[in-house]
Amino acid sequence: MNCLFCKIVKGEIPSTKVYEDEYVYCFKDINPITPIHYLVIPKEHISGASEIDEKNSSVVSHIFEAIAKIAKAENISEGFRVVTNCGEDAGQTVHHLHFHLLAGVKMGWGEEAVQPVK
Ligand code: 5GP
Ligand code: ZN
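Residues numbered from 1 in each chain as written. Chains lettered and ligands numbered in written order. Predicted model: local features only at pLDDT ≥ 70, side-chain atom pairs only at ≥ 80, totals over all residues. Heavy atoms only, no water.

Peer 1: Quick question: what am I supposed to make of the nonpolar core here?
Peer 2: Side chains that are nonpolar tend, in soluble globular proteins, to be buried together. Val40, Ile70 and Phe99 are the most contacted members of the largest nonpolar core, which has 15 residues in total. Listing elements by their share of this core, those giving two or more residues are β2 (24–28), β3 (36–42), α2 (58–73) and β5 (99–103). Among the elements that take part in this core, α2 stands out by supplying six residues, more than any other. What Phe99 contacts, discounting residues up to four positions off in sequence, is Tyr38, Leu39, Val40, Val60, Ile63, Phe64, Ile67, Val82, Val83 and Thr84. Ranked by size, the runner-up nonpolar core spans nine residues in total, among them Cys6, Ile8, Phe27 and Val94. (Core = buried A, V, L, I, M, F, W, Y, C linked by side-chain atoms within 4.5 Å. Buried < 20%, exposed > 50% of the residue type's maximum accessible area, 1.4 Å probe, protein only. Helix = DSSP H or I, 4+ residues; strand = E, 2+ residues; numbered from the N terminus. Contact = heavy atoms within 4.5 Å.)

Here is the structure:
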């Protein structure tokens, strides 16, 4: 399978690691949109949020445990946002489940957070 994030997990493509455990890998986004912008991914290949089911969903709670640990370890004390884009309308570009961990700036919420593509 030709999956960019599977290659990152295997170390075939370099990345800047933030956190790793048995199930989860977290690394810096190559094109950050906030001062802190990490990607938190399962090591196993799941193509996106629409493919979470009773067999693989435990990794999602594990990811959120990891996010809480990362936020503490990285001193993200002012707050953070977790986003997953799923499918074409949401703008998913890498088809391996990933959660954007965004922080380091006061973020708006509302229409500006979901600007339609012109
Ligand atoms: P999506 O648009 O699918 O929600 O998010 C994919 C994210 O992966 C984007 O924010 C993009 O900047 C990031 N990305 C794409 N290719 C690479 C890469 O090779 N290395 C890293 N670290 N991030 C990448
Ligand atoms: Zn993958």
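Peer 1: Would you explain the environment of Thr84 in this entry?
Peer 2: Position of Thr84 relative to the elements: it lies in the loop between β4 (80–83) and β5. The spatial distance from the C-alpha of Thr84 to the C-alpha of Val40 is 9.8 Å, given a sequence separation of 44 residues. Within the local environment of Thr84, its side chain forms a polar contact with the backbone oxygen of His98, the two atoms lying 2.9 Å apart. (Polar contact = N/O pair within 3.5 Å; in protein donor to acceptor, adjacent residues only side chain to side chain.)

Peer 1: Looking at this structure, I do not really get the environment of Tyr23. What am I missing?
Peer 2: Looking at the element boundaries, Tyr23 is found in the loop between β1 (17–20) and β2. Put simply, Tyr23 and His62 are 39 residues apart on the chain and 7.6 Å apart in space, counted from C-alpha to C-alpha.

Peer 1: Help me understand the coordination of the zinc ion (ligand 2), please; the structure alone is not making it clear to me.
Peer 2: By definition of the ideal shapes, four donors in a tetrahedron about a metal sit 109.5 degrees apart, and six donors in an octahedron sit 90 or 180 degrees apart. The zinc ion (ligand 2) binds to the protein through Cys3 (SG), Cys6 (SG), His45 (ND1) and His96 (ND1), with metal-donor distances spanning 2.0 to 2.3 Å. Geometry at the zinc ion (ligand 2) is tetrahedral, judged from its four donor atoms and the angles of 106 to 116° they form at the metal. Summarised as a motif, the one-chain spacing of the donors to the zinc ion (ligand 2) is C-x2-C-x38-H-x50-H. With a gap of 93 residues between them, Cys3 in the segment before α1 (4–10) and His96 in the loop between β4 and β5 connect regions that are remote in the sequence. Like His96, Cys3 is buried. (Donors = N, O, S within 2.8 Å, 3.2 Å for Na, K, Ca; no water. Tetrahedral: all angles 85-135°; square planar, octahedral: opposite > 155°, others 65-115°.)

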